[in-house]
Amino acid sequence: MSRAQAESVIKNIIREIAQECASKGQAVSETLVAFMVKAVVLEPSNEFNVDRTLTKDDVQKLIKLCVERLMDSRSPSLDTVKMQVYFDMNYTTRSDFLEEHRRVLESRLQPVIREITDSRARTREELESLYRKIVSAVLLRSGLGSPTDIAVVREATAALQSVFPQTELGTFMSLTKRDKERQLLELTMIVTGIRLFNKECGKGGEGIDDLPAILNEAVPATTQNVDSEVQATLRCAANYTALIEKMQNADSQEGPSTQLVKDSLINTRQHEAFLRVILNDVISCAQQVEQLEQQLATRMEQLQATVQSKTAVPTAQVYPQFIHLSQLWSCFQDEMVLLSVLSNILASLEPFSRGHRELFSDEVLAPFLEGAPIKTDEQRLQETSGPENRINPKELKDFDWLYQETTKNFNKLPIQYRAFCAWALGNFDRLLIPSNPEIGVLRYKDHYYAFSSKQAAYEFTQNPDGYIRLVAEGAKKSPELIQLLELHTQFASITPYSQGKDQGRMIEKPVTKCDSGTQTDTHLLEANIVKSYEWNEWELRRKAIKLANLRTRITHSVQTNLSNMRRDTAIQVWPPKENTTQTKTDAYTNVPRPQVFLAGLRGGGMTTSTQMEKVDLTIDVDQT
């Protein structure tokens, strides 16, 4: 089977699974279905061999297993997968967020801008309508008030007239499309700066929100909200970890399912990881707002010093300051958008962690946690800190250990498994316990591993390859660990099915593809070509004479019986001229040819001074 045929079969399987889930009342995305298909194939107990072509029975079995997992509404594992899919599809970096926001804003403004740049207004009413459209475009792009508010429109119009009066529309109409767009952007920034400065002076500012004050309230509130979510998640993780440790040490198997508790712990740790990403972005937003406030205050002071109640200020001095003021305000707007997006993502992550909290509420866990020590992440780090808990490199000479004193970027080391204890993951089958890098970081095969205790580090060094393989096998049972522990690179060399049969092919991270299209303008540069234009004065004279002669000519047409019902023809001729003109005498004019000879240019040597003489050799015309 070729690669194209295999992709077609996989797409059909994904589409059929999504349709079957939809028929049962559960709407799922194709991305989630694709992840679930990979999870089912990776799990060894399902016995899917990717080294051979799937039979019809294999396809039906795969579809059945995927639908059963996707329809399980009380599965923490499925909630974790949904959380990962949602976060991957909706979260991106700060710069990408802002770039996408600006792209969407420009696409919404494009019809208005195109209507202005393509306008061919001539009459007074059309020019006034065009000017109103420019005011609306300035308001929409700046985001300072609504174009339907009369007070806002009047203020924006007054600011625009001080920069771009209606008498300049003629010059604006003669520009190319790109120059028009560039001038509209510049006018928007200048008008925005003027309105913001007027608001600061108390002379305007209709419809302009106080973004710095709003951000100063919203950023701390969002930070507190995210931090409270993190603390609640850490409490759940501590309870689940204590319960799993108690169940591992107990002889009886009374209590909830160990697999279900581990899935809940994985969900909690994944939620914590996403919350910390959002929290870091909110903190960066707070730092950015603080810097912008300082720059805004400095710019306002400079503008006050430049203007100083003057009736006229040179545009070369004040316009760049207005433009910079507009750019600062645009940065405030970006922070508002970014904070809103992060808040929406935060609220959308909560349903994915609600299932295990309802399943293992405090009342349900209390009887099983009785007598079990519940340790938070901070308490675990404190217990394993100190010189006595460090690895003695003399006892493990065959391994390379790193300590905080041996590296400057100790906290930035790319520790495997997202800094969870590598020994606990393999020894206790997917138990997520945070590690303490101060114990010592093991560098093994160009990878870094950290551990939760000194004893865990010693045991890991007894068989590091075996523990690494156990972690990979655990990730096959819980595929959500592939993203949580960042195992994409490792899974590129792991076969999904190996039970004494033929080794399967390697599973690699799928390449995300999508259909895309691009549309460009037919003419990037507007060309105003007048076909009748002629630069030659004599050619214009010739055309004028031709038109003047045509006025005195007669047009004749002839029609016969044979040409009846055919198209009309016309012939136009010029009769030859019969008049001639001759002058009485011939005359001409001639001038003498001037000739001058300079004598003595060679000089008289080193002792005699040079005496130059000019001789006129011009001959009169009569003598030639």
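As annotated in an unreviewed UniProt entry, the protein carries the name Cilia- and flagella-associated protein 206 and comes from Mizuhopecten yessoensis.

Caption draft 1: Examining the overall build of the protein more closely. Looking only at helices and strands, the protein features 20 helices and 5 strands. Taken across its 624 residues, the protein has 37% of its residues classed as buried. Long-range pairs, those at least 24 residues apart, make up 70% of the contacts in the protein between residues at least 6 apart in sequence. Summed over its atoms, the accessible surface of the protein is roughly 39,300 Å², and 50% of this surface lies on carbon and sulfur atoms.

Caption draft 2: Region of the structure containing a nonpolar patch on the surface. The grouping of Val596, Leu598, Leu601 and Met612 at the surface amounts to a nonpolar patch, some 390 Å² of accessible area in total. Structurally, the position occupied by Val596 is in strand β4 (residues 596-599).

Caption draft 3: Main features of helix α5 (residues 94-117). Between its first and last C-alpha atoms α5 spans 32 Å; for 24 residues at 1.5 Å apiece the expected length is 34 Å, and the two agree. Maximal helix bending in α5 amounts to about 45 degrees, located at Gln110; proline Pro111 follows within four positions. When α5 is considered as a whole, its buried residues turn out to be Phe97, Leu98, Leu109, Ile113, Ile116 and Thr117.

Caption draft 4: Spotlight on unusual backbone geometry. Positioned with a positive phi, Asp429 is a non-glycine residue whose angle comes to about 55 degrees. For Asp429, the location among the structural elements is in the loop between α16 (422-427) and β2 (441-444). Unlike most non-glycine residues, Glu486 shows phi in positive territory, near 55 degrees. Inspection of the secondary structure assignment puts Glu486 in the loop between α19 (480-484) and α20 (537-550). On the basis of relative accessibility, which here comes to 48%, the residue Glu486 falls in the partly exposed class.

Caption draft 5: Spatial organisation of the sheet that holds β2. Here we have 3 strands laid out as an open sheet, ordered β1-β2-β3, and antiparallel in their pairing. Across the chains shown, the open sheet's two edge strands, defined by having one partner strand only, are β1 (400-402) and β3 (447-449). Geometrically, the sheet is characterised by an average inter-axis angle of 35 degrees between neighbouring strands, direction not taken into account. Strand direction decides the pairing type here: β2 and β3, joined by 3 bridges, are antiparallel. Within the sheet, the bridge partner assigned to Arg443 lies in β3 and is Tyr448.

Caption draft 6: Examining the nonpolar core more closely. Formed by 68 residues in total, the largest nonpolar core has its most connected members in Ile134, Ile278 and Leu349. Considering each element in turn, this core owes the most residues, 13 residues, to helix α12 (residues 315-349). Ile134 has contacts with Ile116, Leu160, Phe164, Leu169, Phe172 and Leu184, leaving out every residue within four places of it along the chain. The next biggest cluster of nonpolar side chains, apart from the first, holds 46 residues, and it includes Leu243, Met247, Tyr403 and Leu484.

Caption draft 7: View of the packing of helix α10 (residues 211-249) against helix α11 (residues 258-307). Taken N-terminus to C-terminus, the directions of α10 and α11 make an angle of 160 degrees; their axes are 8 Å apart at the nearest point. Considered as vectors, α10 and α11 are oriented roughly antiparallel to each other. α11 is crossed by α10, and the crossing has left-handed handedness.

Caption draft 8: Region of the structure containing the environment of Pro147. Residue placement: Pro147 occurs in the loop between α6 (124-142) and α7 (150-163). Residue classification places Pro147 among the partly exposed residues on the basis of a relative accessible area of 29%. Along the primary structure Pro147 and Val135 are separated by 12 residues, whereas in three dimensions their C-alpha atoms are 8.2 Å apart. Setting aside residues up to four positions removed in sequence, Pro147 forms contacts with Ser136, Leu139, Leu140 and Val153.

Caption draft 9: A look at the pattern of salt bridges. Taken as a whole and judged by the stated rule, the model has 21 salt bridges. Across the salt bridge formed by Glu106 and Arg141, the nearest N and O atoms sit 3.0 Å from each other. With Glu106 in helix α5 and Arg141 in helix α6, the pair connects residues that are 35 residues apart, well separated along the chain. Note on Glu106: relative accessible area 33%, which makes it partly exposed. A relative accessible area of 16% means that Arg141 is categorised as buried. The partner of Glu128 in a salt bridge is Arg124, and the shortest N-O contact between them spans 3.4 Å. Highlighted residues: Glu128 and Arg124, both in helix α6, separated by 4 residues, approximately one helical turn. Residues joined in a network through salt bridges with shared partners are Arg269, Glu272, Arg276 and Asp377.

Caption draft 10: Geometry of the packing of aromatic side chains. This model, assessed by the stated rule, comprises 15 aromatic pairs. When the ring of Trp423 is compared with that of Phe428, the centres are 5.3 Å apart and the planes differ by 85 degrees; the resulting orientation is edge-to-face. Feature note: the residues Trp401, Tyr417, Tyr449, Phe451, Phe460 and Tyr467 constitute an aromatic cluster, connected by ring pairs. A cation over a ring is seen here: Lys180 above Phe172, with NZ or CZ 5.9 Å from the ring centre.

Caption draft 11: View of helix α17 (residues 454-462). Listing the buried residues of α17 in full gives Ala456, Ala457, Tyr458, Phe460 and Thr461. Of the surrounding secondary structure, the elements contacted by the buried residues of α17 are β1, α16, β2, β3 and α18 (464-477).

Caption draft 12: Region of interest: the side chain of Thr461. Inspection of the secondary structure assignment puts Thr461 in helix α17. Exposure remark for Thr461: the relative accessible area of 6% places this residue in the buried category. Aside from chain neighbours lying at most four places away, what touches Thr461 is Leu396, Phe399, Trp401 and Leu442.

Caption draft 13: Spotlight on the packing of α5 against helix α9 (residues 177-201). The interhelical angle for the contact between α5 and α9, taken along N-to-C directions, is 120 degrees, at an axis separation of 10 Å. Taken together, the axes of α5 and α9 are oblique relative to one another. When the axes of α5 and α9 are compared, the crossing they make is right-handed. Two secondary-structure elements touch here, α5 through Gln110, Ile113, Ile116 and Thr117 and α9 through Lys177, Lys180, Glu181 and Leu184. A per-class count over the contact of α5 with α9 returns 3 nonpolar, 2 polar and 3 charged.

Conventions we followed
- Residue positions are given per chain, counting from 1 as you read along its sequence in written order.
- With pLDDT at 70 or above as the cut-off, local features in this predicted model cover only qualifying residues; side-chain atom pairs require 80 or more to be listed or tallied, and sums for whole chains, interfaces and linings still use all residues.
- Side-chain numbers come from the whole structure's heavy atoms, not from hydrogens or water.
- Working definition: helices are DSSP H or I runs of at least four residues, strands are E runs of at least two. Numbering for both runs from the N terminus.
- A 1.4 Å probe rolled over the protein chains alone gives each residue an accessible area, and that area as a share of the maximum for its type sets the label: buried under 20%, exposed over 50%, partly exposed in between.
- Any pair of residues with heavy atoms lying within 4.5 Å of one another is described as a contacting pair.
- Accessibility throughout is a Shrake-Rupley quantity obtained with a 1.4 Å probe, and a residue counts as covered only by protein chains that appear here.
- Only residues whose relative accessible area exceeds 30% and that form no salt bridge are eligible for patches; like-charged ones are grouped when within 9 Å, while nonpolar side chains (Val, Leu, Ile, Met, Phe, Trp, Tyr) are grouped when within 5 Å.
- Only one rule defines a salt bridge in this text: a Lys or Arg side-chain nitrogen within 4 Å of an Asp or Glu carboxyl oxygen.
- Here, expected helix span is obtained from the residue count minus one, scaled by 1.5 Å.
- Two axes enter the definition of the bend at a residue: one is fitted to the seven residues ending there, the other to the seven starting there, and the bend is the angle between them.
- A pair of strands is considered paired only if DSSP assigns at least 2 bridges between the two.
- Fitting a line to C-alpha atoms yields each axis, with helices limited to the stretch in contact; the angle taken between N-to-C directions then spans 0 to 180 degrees.
- Side-chain atoms within 4.5 Å are what join buried Ala, Val, Leu, Ile, Met, Phe, Trp, Tyr and Cys residues into a set we call a nonpolar core.
- Each angle gets one of four labels, with under 35 degrees taken as roughly parallel, over 145 as roughly antiparallel, 65 to 115 as roughly perpendicular, and the rest as oblique.
- If you view the pair so one helix is near and one far, a crossing is left-handed when the near helix is turned anticlockwise from the far one by less than a right angle, and right-handed when it is turned clockwise.
- A pair of aromatic rings is counted whenever rings of Phe, Tyr or Trp (Trp by its six-membered ring) have centres within 6.5 Å, and the orientation is called stacked for planes under 30 degrees apart, edge-to-face for over 60 and tilted otherwise.
- In this scheme, the term charge over a ring applies when either NZ of a lysine or CZ of an arginine sits within 6 Å of the ring centre and within 35 degrees of the ring normal.
- Following the grouping adopted for this structure description, the nonpolar residues are Ala, Val, Leu, Ile, Met, Phe, Trp, Tyr, Cys and Pro, the charged ones are Asp, Glu, Lys and Arg, and the polar ones are all others, Gly among them.

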